[in-house]
Amino acid sequence: MRAVICKAYGPPETLTVEEVAAGPPGSGEVQIEVEACGVNFPDTLIIEGKYQIRPEPPFAPGGEIAGRIAAVGEGVEGLPVGLPVIAMTGYGGFAESVTVAAERVMPRPESMDGIVAAGFSMTYGTTIHALVQRAALQPGETLLVLGAGGGVGLAAVELGKRLGARVIAAAGSPEKLAAARAAGADETLDYRTEPLKERVKDLTGGRGVDVVYDPVGGTLFEQAVRATARNGRVLVVGFASGDIPRLPMNLPLLKECAIVGVFWGAFRAHEPEVNTANFQRLFDWHAAGQLAPRIERVLPLAEAPEALQALAERRVIGKIVLTTQAEG
Ligand SMILES: NC(=O)c1ccc[n+]([C@@H]2O[C@H](COP(=O)([O-])OP(=O)(O)OC[C@H]3O[C@@H](n4cnc5c(N)ncnc54)[C@H](OP(=O)(O)O)[C@@H]3O)[C@@H](O)[C@H]2O)c1
């Protein structure tokens with residue numbers, strides 16, 4: 001089978017596509033025939049050795065896939081051969097076949113297309129957990145989403161609306177803001193040209209927002225905290241800017257707001273049944289046409305370097321997905 005291989009930590013252009021042997025599933029594992037792979041920001045870091053997980057090269061990157069069960073290891077139940085699934089692989093997903101622990105795999109509705117499914121779990125799974133379990137977002141509250149044209153950001157706009165919030169989408173280009181509007185945002189602001197705190201205050205009659213969803217970090221974080229209402233919750237989702245912010249702690253004191261960490265991977269491990277219930281809601285909303293995942297480009301596996309480069313250069317609106325079905 002073909003796989004995108006990182007032979008030594010380095011930039012996307014050092015990745016190669018190679019023919020490698022697919023390992024049979026061991027005890028507690030399944031082998032999946034991969035239809036498509038979602039491309040996520042952590043993939044850009046893992047190939048450079050800059051992510052929290054540092055696999056020993058050579059390895060295939062790729063943290064989420066959609067496919068069908070091809071073989072089942074000893075002791076695995078409920079995942080028969082042929083079942084359509086999604087899986088959070090951590091790495092190894094940019095390949096025609098992947099072998100993973102069964103607990104990383106979830107059945108998906110037969111009606112959900114493989115390309116859509118491949119880009120669905122990381123963004124929507126993280127975001128429903130953030131908004132529901134971590135922020136307890138309530139109907140009628142105001143949600144500010146930073147990086148609102150990116151993968152998790154656009155999902156936050158859509159899910160914020162589904163959950164009944166008024167959504168202010170903040171991003172760094174008119175095209176990304178247009179995508180956020182199309183996903184349901186009530187208000188938009190461009191933080192490359194407009195002062196975040198002042199604009200948010202204007203849009204909320206001086207009150208500030210109830211919940212901030214921040215996958216970007218950097219200097220925007222403190223501005224967002226300053227734009228938070230009393231009893232607000234600031235969700236720390238990621239640091240796509242590359243800068244982990246520091247915060248003067250008098251701000252949460254004075255504003256009586258909470259700084260709330262979000263780590264979907266830990267949540268999945270500790271509360272799998274709640275995660276499964278989250279996905280049931282997500283699949284139901286998707287089947288009812290109430291979620292419209294935006295997949296900007298579908299590229300063959302061999303174009304993984306371009307996909308990762310585009311993400312790192314902020315050129316992607318929504319998601320890029322790699323398909324194993326096209327010629328590389
Ligand atoms: N905590 C969790 O459990 C969890 C789960 C999933 C993802 N994450 C994290 O969430 C973050 C976003 O992931 P994603 O897959 O949604 O990424 P993405 O699609 O690339 O979106 C990230 C957004 O960040 C903004 N950005 C600002 N500075 C940037 C820079 N220097 N480079 C790249 N983007 C920059 C971009 O929007 P503008 O151009 O509009 O500024 C971009 O759209 C990552 O840090 C990821 O690790 C965390």
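Residues numbered from 1 in each chain as written. Predicted model: local features only at pLDDT ≥ 70, side-chain atom pairs only at ≥ 80, totals over all residues. Heavy atoms only, no water.

Enquirer: An account of the packing of aromatic side chains is needed here, citing residue identities and associated values.
Expert: Taken as a whole and judged by the stated rule, the model has six aromatic pairs. Pairing Phe120 with Tyr124 gives two aromatic rings, centres 4.6 Å apart and planes at 25 degrees, and the pair type is stacked. On the basis of relative accessibility, which here comes to 3%, the residue Tyr124 falls in the buried class. Centre to centre, the rings of Phe120 and Phe283 are 6.0 Å apart; their planes meet at 15 degrees, and the pair counts as stacked. (Phe/Tyr/Trp six-rings, centres within 6.5 Å; stacked < 30°, edge-to-face > 60°. Buried < 20%, exposed > 50% of the residue type's maximum accessible area, 1.4 Å probe, protein only.)

Enquirer: Which residues make up the sheet that holds strand E13 (residues 258-261), and what values do they have?
Expert: Sheet architecture is open: six strands sit in the order E10-E9-E8-E11-E12-E13, paired in parallel fashion. In this open sheet, the two edge strands, each paired with only one partner strand, are strand E10 (187-190) and E13. Ignoring strand direction, the axes of neighbouring strands in this sheet form an average angle of 20 degrees. Summarising the sheet, strand E9 (residues 166-171) and E10 pair through four bridges and their orientation is parallel. Among the inter-strand pairings, Ala170 is bridged to a residue of E10, identified as Leu189. Contacts between helix H7 (residues 219-226) and the sheet are confined to strand E8 (142-145), strand E11 (209-214), strand E12 (228-236) and E13, with E12 contributing the most and set at about 155 degrees to the helix. (Pairing = 2+ DSSP bridges. Helix = DSSP H or I, 4+ residues; strand = E, 2+ residues; numbered from the N terminus. Axes fitted to C-alpha atoms, helices over the stretch in contact; angles between N-to-C directions. Contact = heavy atoms within 4.5 Å.)

Enquirer: Residues and numbers for the packing of helix H6 (residues 196-203) against H7, please.
Expert: In contact at an axis separation of 8 Å, H6 and H7 are set at 30 degrees when each is read in the N-to-C sense. Regarding the angle of H6 to H7, the classification is roughly parallel. Seen along the crossing, H6 lies across H7 with a hand that is right-handed. Mapping the contact onto sequence places Leu196, Lys197 and Lys201 in H6 and Leu220, Gln223, Ala224 and Arg226 in H7. For the contact of H6 with H7, the per-class residue count stands at three nonpolar, one polar and three charged. (Parallel < 35°, antiparallel > 145°, perpendicular 65-115°, else oblique. Left-handed = near helix turned anticlockwise from the far one by under 90°. Nonpolar A, V, L, I, M, F, W, Y, C, P; charged D, E, K, R; others polar.)

Enquirer: How would you sum up the pattern of salt bridges? Please name residues and give values.
Expert: In this structure the tally under the stated criterion is 16 salt bridges. A salt bridge links Lys319 to Glu64, with the nearest nitrogen and oxygen atoms 2.8 Å apart. Here Lys319, found in strand E15 (residues 319-323), pairs with Glu64, found in strand E4 (residues 64-72); they are 255 residues apart in sequence, far enough to count as distant. No difference in accessibility class separates Lys319 from Glu64, as the two residues are buried. Between Arg297 and Glu306 there is a salt bridge, and its shortest N-O distance comes to 3.0 Å. Owing to a relative accessible area of 29%, Arg297 belongs among the partly exposed residues under this scheme. Three or more residues joined by partner-sharing salt bridges are found here, namely Arg297, Glu306, Glu313 and Arg315. (Salt bridge = Lys/Arg side-chain N within 4 Å of Asp/Glu carboxyl O.)

Enquirer: Let's hear about the site of the ligand: which residues, and what values?
Expert: Around the ligand, 24 residues are found, and the nearest of them are Gly151, Gly172, Lys176, Tyr191 and Val262. Here Trp264 contributes a backbone N or O atom positioned 2.8 Å from an oxygen atom of the ligand. At a separation of 2.8 Å, an oxygen atom of the ligand approaches a polar side-chain atom of Arg314. When the free accessible area of the ligand is taken as 900 Å², the share hidden by the protein chains comes to 89%. Those elements that place two or more of their residues in the shell around the ligand are helix H1 (41-46), helix H3 (121-134), helix H4 (151-162) and helix H11 (304-312). Of the residues assigned to the shell around the ligand, the class counts are 16 nonpolar, six polar and two charged. When residues are assigned to domains, the shell around the ligand turns out to be shared by domain 1 (2-120 + 293-323) and domain 2 (122-265), each giving three or more. (Near = heavy atom within 4 Å. Polar contact = N/O pair within 3.5 Å; in protein donor to acceptor, adjacent residues only side chain to side chain. Areas by Shrake-Rupley, 256 points an atom, 1.4 Å probe, with all protein chains shown as cover. Domains from an automatic or database assignment.)

Worth remembering: the numbers are spatial, not functional.
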